[in-house]
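# Observations on chain architecture
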Amino acid sequence: MMYLETVAVDYTKEVAENVWVIGFRSARITEVLRPGQFLNIKPDSSYDPLLRRAYSVHRVDGDKIELIYNVHGKGSAIFAAKRPGDPLDVMGPLGVPFRLDGKFKKGILVSGGLGIAPMPILGEALHQRGYDVVNIHGARNASMIVQDDRLRNPHYATDDGSLGLHSNVVQAVEHYLDRDHSNDSVRLFACGPNKMLDSLTEFCANRDLDLKVSLECQMACGIGICQGCPVEMKRGNRKYTLVCMHGPNYDVGDLVLESLPTEHG
Amino acid sequence: MMYLETVAVDYTKEVAENVWVIGFRSARITEVLRPGQFLNIKPDSSYDPLLRRAYSVHRVDGDKIELIYNVHGKGSAIFAAKRPGDPLDVMGPLGVPFRLDGKFKKGILVSGGLGIAPMPILGEALHQRGYDVVNIHGARNASMIVQDDRLRNPHYATDDGSLGLHSNVVQAVEHYLDRDHSNDSVRLFACGPNKMLDSLTEFCANRDLDLKVSLECQMACGIGICQGCPVEMKRGNRKYTLVCMHGPNYDVGDLVLESLPTEHG
Amino acid sequence: MSISTEITIRNVTFKNPVLTASGTFGYGLESPDYVDVSQLGGVVTKSISRKPRDGNPPQRIAETPAGMLNSIGLANVGVDVFLNEKLPALRKVNATVIVNIAASSIEEYAYVLERCEEHEGIGGYEINVSCPNVKDGGLSFGTNCPAVAEMTRELRGRTEKLLAIKLTPNVTSIGEFAHVCEAEGADAVSCINTFVGMDIFVDSRRPKIATITGGFSGPAILPMALAKVYEVRKAVSIPIIGIGGITTAEDALKFLIVGASLVQVGTALFIDPGAGPTIAEGIVAYMERNGITSLTELIGSLDTSLQPSLIAAGWE
Amino acid sequence: MSISTEITIRNVTFKNPVLTASGTFGYGLESPDYVDVSQLGGVVTKSISRKPRDGNPPQRIAETPAGMLNSIGLANVGVDVFLNEKLPALRKVNATVIVNIAASSIEEYAYVLERCEEHEGIGGYEINVSCPNVKDGGLSFGTNCPAVAEMTRELRGRTEKLLAIKLTPNVTSIGEFAHVCEAEGADAVSCINTFVGMDIFVDSRRPKIATITGGFSGPAILPMALAKVYEVRKAVSIPIIGIGGITTAEDALKFLIVGASLVQVGTALFIDPGAGPTIAEGIVAYMERNGITSLTELIGSLDTSLQPSLIAAGWE
Ligand SMILES: Cc1cc2nc3c(=O)[nH]c(=O)nc-3n(C[C@H](O)[C@H](O)[C@H](O)COP(=O)(O)OP(=O)(O)OC[C@H]3O[C@@H](n4cnc5c(N)ncnc54)[C@H](O)[C@@H]3O)c2cc1C
Ligand SMILES: Cc1cc2nc3c(=O)[nH]c(=O)nc-3n(C[C@H](O)[C@H](O)[C@H](O)COP(=O)(O)OP(=O)(O)OC[C@H]3O[C@@H](n4cnc5c(N)ncnc54)[C@H](O)[C@@H]3O)c2cc1C
Ligand SMILES: Cc1cc2nc3c(=O)[nH]c(=O)nc-3n(C[C@H](O)[C@H](O)[C@H](O)COP(=O)(O)O)c2cc1C
Ligand SMILES: Cc1cc2nc3c(=O)[nH]c(=O)nc-3n(C[C@H](O)[C@H](O)[C@H](O)COP(=O)(O)O)c2cc1C
Ligand code: FES
Ligand code: FES
């Protein structure tokens, strides 16, 4: 079940450098939402920008929903300018949730930058199902790290060493596994820039680790009617999978990751 | 001298049914502004709506400027949603001011609906120059009348009789003149719907009264570079006058009023 | 006041004039639960080809001011899967189905149409001529008037069902194309398919979509689409299906007033998949407000008599 | 790093590639005090005709999503007043002046051009071919390839100055038009003039502009204009002047990268008459950021080599 509804903004705020959250309520959405799903939101009623923007659901609490986003372009700038009470035109929840079942003991949630978005809800869901949860979150520097004390077992890494490990996030995963945990039965869940997903995929392939990824790509409809969001498949009888409808969450082994267009050109 | 500047909104509020005001400050603009001039304002940075909107300056007080407007379409809806502190992209002052000199003793300021916009500043300017000032303001009903105790000698008329005279504004002018003032030496200044201007023009022609009008029409540039705002001239060596550059304030005798396109189709 | 929004073309009666445009509503089956397909005038399917097509590689879409570019590449399940899986499901949801056909040769168009003729539940066909014409060197059919004429003649000979030809706007004179369609027996022309557009990233200096240029759609194109419908209205007397940038009932009414008998909603469905029924309701509300009881009073009722301002200005 | 934004076409050196488009900056003299015309690459005048023209009756403009329609009707002061009053003033403000010429016959184009040839201070000409061709029955020159060829030949024979032909986008193949211009000796083609569009009021069912259809411009058209420049770039090797929806430096850069040597800013000037110099500064900032020292490195530098995604998808 998915809904199209106009909700009222509860708040917006900047929680790290150029990292913003926006909060609103929808009991219908939170009731059916599952980890890794996203919402498709119209910035405002103007035709410029025209299309909805996809956002992973970052936090839920009862009927409260929080999204987290960077301000880059037209859409996100409009979200950041919203005030309490402003209307927000929301469609969702959309997409196939993360696969939570399977033979593993610990979920390692790997996020680069705004890839943190789906992790809190995923972590809670894994925890409730009895899995151990570790978060490994990387960013360029300390001010861009989203520090959230509700995050389970967080490990941080920054490119400039200003917080946590002085490394990229894939090296941080390696470091974590090699220290004490190399024999754990793990599943990795990753979300972040395509370059990070590429190198994490290689790392996991080398070690034969189970990796699920959550993709981002340009979308028009978000519901499978435009065919605008294809990614090539390695297996299966279709050449392409539609990220909005069959994804955004995949087993990395199903995908030809190189077919993801480089972000923003 | 005209300016292009980004100011901060001080306030917006609804002062009568669907009648809004918006306030901001610009010392540069108030310093050079003259009665009957207008500002050209970009609703926001989106390309939809694309063009600036023209607004007569309604009030000035030191560096404070107030505009008055109805919410009809895309642009005005955006203005009404502005909050204190929001940026506003303003160009002006534009247009040729009202002609205040000449042989008359009393200025009768005739306004229909939002035609009230330029009247307060015009009234003050006339008063300062020693003229008597009377305002005759009409609207469909009482709730749409902008009652402002700073207005000089206001007389109201409503189509349904819910406030002031039960008449249209032209009948109210006739009523005013016929009661006690038929021998006054007057100049009428009018602003309002084209239909009102038409019938007031006829009325004034019959009585040989001096009538200045302030026109509204669709504009693109507001500064004479697009040729988008022509109105036909009765005299002079050009066929058309450009409302933004040669107007919006005219002696009614110069114009072929029928060449004003009917508003909104 | 009893208002009828029914409109009949050939032997198909559309319950209202609002259809979904090809390629923007999938096969009519993917839409969310809150969209009632039976409230639409009809569903035009994604372009169906002889064989299944994967479509173009990513990136396939880009947003532009008030519009978007696409290069989907006619990704579709092919006529067999369409007829065996999609059509039966569509019939169940009680939709008037127009099958949009894409092909690279007249034989291929004819093949797909004839396969469809074997099945029940199809209201008619819309022929997408914006595909490369393999026989004549890859240039699109849609910009070659004799090819469109021949194709129309061939298809007309093969079906008694509603046959609409979907014209491309990327030609000097769309009226000529509409004219040959009419002459060869088409029941209607669909105006218009997408305009050619492109966009690039200035940092990488690369095209935003993989095929460099693509199809341009959305509210931005409405004024051009409306002008094309106006041109076609003057050229032919068969019904026109108006398409291009329609998002609101007001937009749809513009096309009807200029002369379209039906309209299709495309890109707007990506923002609100339920836009079709909403627009149909808005048309009824307008008719009520204006005392119009039947669509035929509205269609082509554009008032181009001289405006007072023109008469005043000496135009006669 | 020393950055040069100079660009020379024929014998005119433009200090930067940003010009104002014809009809959107008056005669270059009406702009507000805060706009420094000498900071522009050049000023293209409103179309100048043999006789003064009043232009079309109201209503002349309408706003559309991200665009606008106009039917100004070439209102202008005529060549005499232009040369005697406007040109001397323009020379004083130190602008590179391109005179845009409009006419309804080749003789009339030639007349206006020859009158201009008698005066100093004109950098070159841009020929507006989107005017009705009275000789060939009122259809615009711009959609008639032989007429454009003949006109270019005739004008080329009459001037040693920069001669650019301004093409209409409302044709099936703009490349063919650019090609005949090149063949007949034009120094450049300006791409593009406005698209045909229309809009109506649904309540009165009347057109929004008096001439029913009009010219469509603004950010909405940028993707189509860019595609036209791309098509022309493949068809000819003479310089292209890119026009259509340019509002920001990023927009201007898109045209340069796709292959334009100069750009013109039109509708955007109605929102900010000073947009030209701002865009020129933004181009310099981009060049600095990307270590580009001369415009020629940028012009036509579009990277259409296969993207990894295309190679992965088996395109070669
Ligand atoms: C399934 C899914 C989930 C997503 N979840 C999130 C999320 O939780 N949080 C979030 O912030 N975003 C998320 N995104 C991305 C989001 O949908 C928007 O693309 C993003 O917010 C930019 O939108 P915009 O309107 O601000 O920029 P646009 O106006 O679309 O783009 C303007 C300019 O910014 C550039 N740009 C756009 N995005 C980026 C970027 N990420 N980095 C650098 N430049 C960029 C564009 O290339 C363009 O030049 C998700 C996308 C998908 C498909
Ligand atoms: C010199 C000048 C001075 C002006 N001063 C004022 C002023 O002081 N206050 C003021 O409110 N306006 C004034 N206007 C009009 C103003 O510029 C806008 O046209 C008006 O605010 C509508 O803008 P919008 O963006 O809301 O509507 P748009 O988005 O432009 O129009 C949307 C819809 O509303 C309709 N519409 C637009 N205006 C009206 C109207 N007035 N009545 C009914 N329907 C309408 C349009 O036809 C259209 O269908 C002035 C215009 C000029 C040229
Ligand atoms: C993503 C997308 C896919 C499309 N696919 C097709 C198609 O397969 N066949 C077709 O005839 N038209 C196709 N079109 C064109 C639309 O049917 C329509 O003619 C065009 O988009 C203009 O209408 P709009 O502005 O309402 O979208 C497609 C359009 C879009 C945006
Ligand atoms: C109001 C207006 C008037 C115009 N007048 C002329 C003209 O006289 N001659 C001409 O060649 N082009 C004219 N044009 C076309 C522009 O020069 C330009 O080619 C077109 O508007 C596209 O650019 P833009 O989207 O930046 O406006 C005019 C455009 C507008 C909007
Ligand atoms: S975004 Fe439309 S199919 Fe995925
Ligand atoms: S609005 Fe452009 S000339 Fe008046």
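One can find the structure itself at the top, above this paragraph.
Each value, and the rule that gives it
- Residues numbered from 1 in each chain as written.
- Chains lettered and ligands numbered in written order.
- Predicted model: local features only at pLDDT ≥ 70, side-chain atom pairs only at ≥ 80, totals over all residues.
- Heavy atoms only, no water.
- Helix = DSSP H or I, 4+ residues; strand = E, 2+ residues; numbered from the N terminus.
- Rg over C-alpha atoms; globule rule 2.2 N^0.38 Å.
- Buried < 20%, exposed > 50% of the residue type's maximum accessible area, 1.4 Å probe, protein only.
- Contact = heavy atoms within 4.5 Å.
- Phe/Tyr/Trp six-rings, centres within 6.5 Å; stacked < 30°, edge-to-face > 60°.
- Lys NZ or Arg CZ within 6 Å of the ring centre and 35° of its normal.
- Pairing = 2+ DSSP bridges.
- Least-squares fit on C-alpha atoms with pLDDT ≥ 70 in both.
- Polar contact = N/O pair within 3.5 Å; in protein donor to acceptor, adjacent residues only side chain to side chain.
- Salt bridge = Lys/Arg side-chain N within 4 Å of Asp/Glu carboxyl O.
- Near = heavy atom within 4 Å.
- Areas by Shrake-Rupley, 256 points an atom, 1.4 Å probe, with all protein chains shown as cover.
- Domains from an automatic or database assignment.
- Expected span 1.5 Å × (residues − 1).

Below, the discussion takes up the overall build of chain C. Along the backbone of chain C there are 10 helices and 16 strands. For chain C, the C-alpha radius of gyration of 19 Å lies close to 20 Å, the compact-globule estimate for 316 residues. Across its three principal directions, the C-alpha atoms of chain C cover 55 × 50 × 40 Å. A burial count over chain C gives 66% of its 316 residues as buried. By sequence separation, contacts in chain C at least 24 residues apart represent 69% of the contacts at least 6 residues apart.

Moving on: the packing of aromatic side chains. With the rule as written, the count across this model stands at 16 aromatic pairs over all chains. Relative to Phe 79 of chain B, the ring of Tyr 55 of chain B has its centre 5.4 Å away and its plane inclined at 85°; by these criteria the two rings are edge-to-face. Of this pair, Tyr 55 of chain B sits in strand E4 (residues 53–56) while Phe 79 of chain B sits in helix H2 (residues 74–80), and the two are 24 residues apart along the sequence. For the pair Tyr 55 of chain B and Phe 79 of chain B, a shared accessibility class is recorded, and that class is buried. The ring of Phe 201 of chain D carries the charged tip of Lys 208 of chain D above its face, separated from the ring centre by 5.2 Å.

We now examine the pairing of strand E6 (residues 64–70) of chain A. For a regular strand, the rule is simple: side chains alternate between the two faces of the sheet. All names here are of chain A. Most of E6 is tucked away: six of the seven residues are buried. Across seven bridges, the pairing between strand E2 (residues 19–25) and E6 is antiparallel. Counted as the bridge partner of Val 21 is Ile 68 from E6. Relative to E6, strand E5 (residues 59–61) is paired through three bridges, and the arrangement is antiparallel. Among the inter-strand pairings, Val 60 is bridged to a residue of E6, identified as Ile 65. Hairpin remark: E5 followed by E6, antiparallel, with two residues in the connecting loop; positive phi at Gly 62, about 60°.

Once that is clear, we can look at the relation of the copies chain A and chain B. When chain A is fitted onto chain B, the two copies agree to an RMSD of 0.0 Å after a turn of 180° and an axial shift of 0.0 Å. Seen this way, the second copy is the image of the first under a two-fold rotation axis. When C-alpha positions in chain A are compared against the rotation axis, the closest is assigned to Asp 48 of chain A, at 2.8 Å. The fraction of interface residues of chain A whose copies in chain B are also interface residues reaches 100%, indicating that both copies meet through the same surface.

Residue and element names in this part refer to chain B. When you line up the elements, Asp 44 lands in the loop between strand E3 (38–42) and E4. Taking the C-alpha atoms as reference points, Asp 44 and Asp 86, separated by 42 residues in sequence, lie 9.9 Å from one another. For Asp 44, the side chain forms a polar contact with the main-chain nitrogen of Ser 46, separated by 3.0 Å.

Before going further, it helps to examine the pattern of salt bridges. One pass over the full model with this rule turns up 58 salt bridges over all chains. Of the charged contacts, one joins Asp 148 of chain A and Arg 59 of chain A as a salt bridge, the two residues approaching to 2.8 Å between their closest N and O atoms. Of this pair, Asp 148 of chain A sits in the loop between strand E9 (132–139) and strand E10 (154–158) while Arg 59 of chain A sits in strand E5, and the two are 89 residues apart along the sequence. A single burial state applies to Asp 148 of chain A and to Arg 59 of chain A, both of which are buried. The partner of Lys 212 of chain B in a salt bridge is Asp 210 of chain B, with the nearest N and O atoms 3.7 Å apart.

Our next topic: the site of ligand 2. Neighbouring residues of ligand 2: 21 residues in total, closest Arg 53, Ala 54, Tyr 55, Gly 75 and Ser 76 of chain B. The environment of ligand 2 is shared, with nearby residues belonging to chains B and D. Separating a nitrogen atom of ligand 2 from a backbone N or O atom of Ser 56 of chain B is a distance of 3.1 Å. The side chain of Ser 76 of chain B places a nitrogen or oxygen atom 2.3 Å from an oxygen atom of ligand 2. Compared with its free state, where it exposes 920 Å², ligand 2 has 77% of that area covered by protein. Elements with a minimum of two residues in the shell around ligand 2: E4, strand E6 (64–70) and H2 of chain B. With four residues, E4 of chain B is the largest single contributor of residues to the shell around ligand 2. A domain-level breakdown of the shell around ligand 2 finds at least three residues from each of domain 1 (3–94) and domain 2 (106–259) of chain B.

Residue and element names in this part refer to chain D. Here helix H8 (residues 275–289) contains 15 residues, and its C-alpha end-to-end distance of 21 Å stays within 8% of the 21 Å for a straight helix at 1.5 Å per residue. For H8, every residue scored as buried is listed here: Ala 275, Gly 276, Pro 277, Ile 279, Ala 280, Ile 283, Tyr 286 and Met 287. The inward-facing, buried residues of H8 contact strand E3 (18–20), helix H6 (249–258), strand E16 (262–265), helix H7 (268–271) and helix H9 (295–298). Just past H8, the residue Gly 291 takes up positive phi, approximately 60°.

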